[in-house]
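Residues per chain are reported as follows:
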Amino acid sequence: METACRSLSVAAFGLNALEAKFADRDFAATFLRVIGVIMKVRGRVIVTGIGKSGIVARKMTATLTSTGTPAIFLHPADAGHGDLGMITPDDVVLMLSHSGESTELGPIIHYCKRFAIPLVAITAQVNSTVAAAADMAILMPEVEEACPNALAPTTSTTVQMALGDALAISLMEMRGFSADDFHKFHPNGRLGAQLVKVRELMAKGGDVPMVREDASLLDATIEMTRARLGGTAVVDRNGRLIGAFTDGDLRRTVTGKQNLTDAVGRFMTMTPFAVTSDELASEALRLMHERNIMLLFVCDNGRLIGAVHMHDLLHAGVA
């Protein structure tokens, strides 16, 4: 337990050291230059590294790609066997190397120099081969490895990964990357479900239960039964939502004193909760839990266009 906690403490110290680097004017200026170059590039970000830095480079590639910055990983071992051809004059190369002296990176460095491909280095060694060859070098802090022999890359790769995330999220915000954009790249799984819009899950058209406020209680009950959503919207003559009548309202209404020919408008819930069709399904579910309701009506510009039930959201994996 003591060793595990010490490892986490060393990693936290490394992350704090990286954050402190951003207060350095030269470091911040270089980081902003890199952001500017990537924002202007017409091609892709070619991310490369060997060993543990290569594993971090793969993760960095995935994060960049999923947040709106086209990126691809280039394995240095394959670069000299034809894969250098994936680098075009429109690209920028992002090279990770803690020591800055990995010989496997040599062919990529020479290729970038020969064809004037922008090369960005992420390294901890200011006088290393990689830093000297790069057009821009982000100099990482010297950190203590959690490994007791100071050999296995641990803290250094944690810090590399954190910088990659900072780079990707900065680019994401610069591009104005929205939840809609995120959903395009993440259509499957739980994350995709959380990003689904209400319009994709709601009942619409003839499947939306609705009656006018002068409809009878009997008509409202029949409409609820037909749609099987546990309630019906009450609209005015212009199709604007003015109330809701649910199973709960029906139970509270039918006490033996009401006539089923009475107008539903007398017993409806006024100004029911509603969402727009562009609302995230996860937000609609949050509102249902918060308000302790099972059914939400969907309105655009006040006009009823749909209805969404909690069961529809849960069945779609929104949670």
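Everything discussed here concerns the structure shown above.
Everything numeric in this text was worked out from a predicted model, so none of it was measured.

The rules we used
- Residues numbered from 1 in each chain as written.
- Predicted model: local features only at pLDDT ≥ 70, side-chain atom pairs only at ≥ 80, totals over all residues.
- Heavy atoms only, no water.
- Salt bridge = Lys/Arg side-chain N within 4 Å of Asp/Glu carboxyl O.
- Helix = DSSP H or I, 4+ residues; strand = E, 2+ residues; numbered from the N terminus.
- Buried < 20%, exposed > 50% of the residue type's maximum accessible area, 1.4 Å probe, protein only.
- Pairing = 2+ DSSP bridges.
- Axes fitted to C-alpha atoms, helices over the stretch in contact; angles between N-to-C directions.
- Contact = heavy atoms within 4.5 Å.
- Phe/Tyr/Trp six-rings, centres within 6.5 Å; stacked < 30°, edge-to-face > 60°.
- Parallel < 35°, antiparallel > 145°, perpendicular 65-115°, else oblique.
- Left-handed = near helix turned anticlockwise from the far one by under 90°.
- Nonpolar A, V, L, I, M, F, W, Y, C, P; charged D, E, K, R; others polar.

**A word on the pattern of salt bridges**
In step 1: All chains considered together, the criterion is met by 10 salt bridges.
In step 2: Across the salt bridge formed by Glu144 and Arg6, the nearest N and O atoms sit 4.0 Å from each other. One end of the pair, Glu144, is in the loop between β5 (136-139) and α7 (155-174); the other, Arg6, is in helix α1 (residues 2-21), with 138 residues separating them in the sequence.
In step 3: Looking at Arg6, the relative accessible area reads 34%, which means it is partly exposed.
In step 4: Notably, a salt bridge pairs Lys59 with Asp165, separated by 2.5 Å at the nearest N-O pair. Here Lys59 is found in helix α3 (residues 52-66), whereas its partner Asp165 is found in helix α7, with 106 residues between them in sequence.
In step 5: Each of Glu283, Arg286, Glu290 and Arg291 takes part in salt bridges that share partners, so that together they form one network.

**Some details on unusual backbone geometry**
Only a minority of non-glycine residues have a phi that is not negative, and only a minority of peptide bonds are not trans.
In step 1: With phi around 40°, Thr271 is a residue other than glycine that occupies positive phi space.
In step 2: As for its placement among the helices and strands, Thr271 is situated in the loop between β10 (269-270) and β11 (274-275).
In step 3: On the basis of relative accessibility, which here comes to 67%, the residue Thr271 falls in the exposed class.
In step 4: Notably, Asn292 is not glycine yet its phi reads approximately 55°, a positive angle.
In step 5: Structurally, Asn292 is set in the loop between α12 (281-291) and β12 (295-300).
In step 6: When its relative accessible area of 72% is taken as the criterion, Asn292 is described as exposed.

**Observations concerning the sheet that holds strand β4 (residues 119-123)**
In step 1: In spatial order, the strands read β2-β1-β3-β4-β5; together these five strands make up an open sheet with parallel pairing. Either end of the sheet is taken by a strand with one partner, and the two such strands are β2 (71-74) and β5. Strand-to-strand twist across the sheet, computed as the mean angle between neighbouring axes with direction ignored, equals 20°.
In step 2: Helix-sheet contacts for α3 involve β1 (45-49), β2, β3 (92-96) and β4, and the interaxial angle to β1 is about 160°.

**Focus on the packing of aromatic side chains**
Given two aromatic rings, their pairing is described by the distance between the two centres and the angle made by the two planes.
In step 1: Here the structure, examined in full by the defined rule, presents three aromatic pairs.
In step 2: Relative to Phe27, the ring of Phe22 lies with its centre 5.0 Å away and its plane at 75°, an arrangement referred to as edge-to-face.
In step 3: By relative accessible area, which is 31% here, Phe22 ends up partly exposed.
In step 4: Ring geometry for Tyr111 versus Phe115: centroids 4.7 Å apart, planes at 45°, classification tilted.
In step 5: Grouping aromatic residues by their ring pairs yields a cluster made of Phe22, Phe27 and Phe31.

**Quick notes on the packing of α1 against α7**
In step 1: With their axes 9 Å apart at the nearest point, α1 and α7 run at an angle of 45° to one another. It follows from the interaxial angle that α1 and α7 lie oblique. Classified by chirality, the crossing of α7 by α1 is right-handed. For the pair α1 and α7, contact is made by Val10, Ala11, Gly14, Leu15 and Leu18 and by Thr155, Thr158, Val159, Ala162 and Leu163, respectively.

**Quick word on the packing of α3 against α7**
In step 1: At a minimum axis distance of 9 Å, the contact between α3 and α7 shows a crossing angle of 20°. Of the possible angle classes, the one that applies to α3 and α7 is roughly parallel. α3 and α7 meet at a crossing whose hand is right-handed. Within the contact between the two elements, α3 uses Lys52, Ser53, Val56, Lys59, Met60, Thr63 and Leu64 and α7 uses Thr157, Gln160, Met161, Gly164, Asp165, Ala168 and Leu171.
In step 2: Across the contact of α3 with α7, the residue classes tally to six nonpolar, five polar and three charged.

**Description of the sheet that holds strand β13 (residues 303-309)**
In step 1: Strand order in the open sheet formed by four strands is β6-β13-β12-β11, with mixed pairing between adjacent strands. Two strands bound the open sheet, and with one partner strand each, they are β6 (203-204) and β11.
In step 2: Both β6 and β13 contribute to a ladder of two bridges, which runs antiparallel. Bridge pairing in β13 places Ala203 opposite Ala307.

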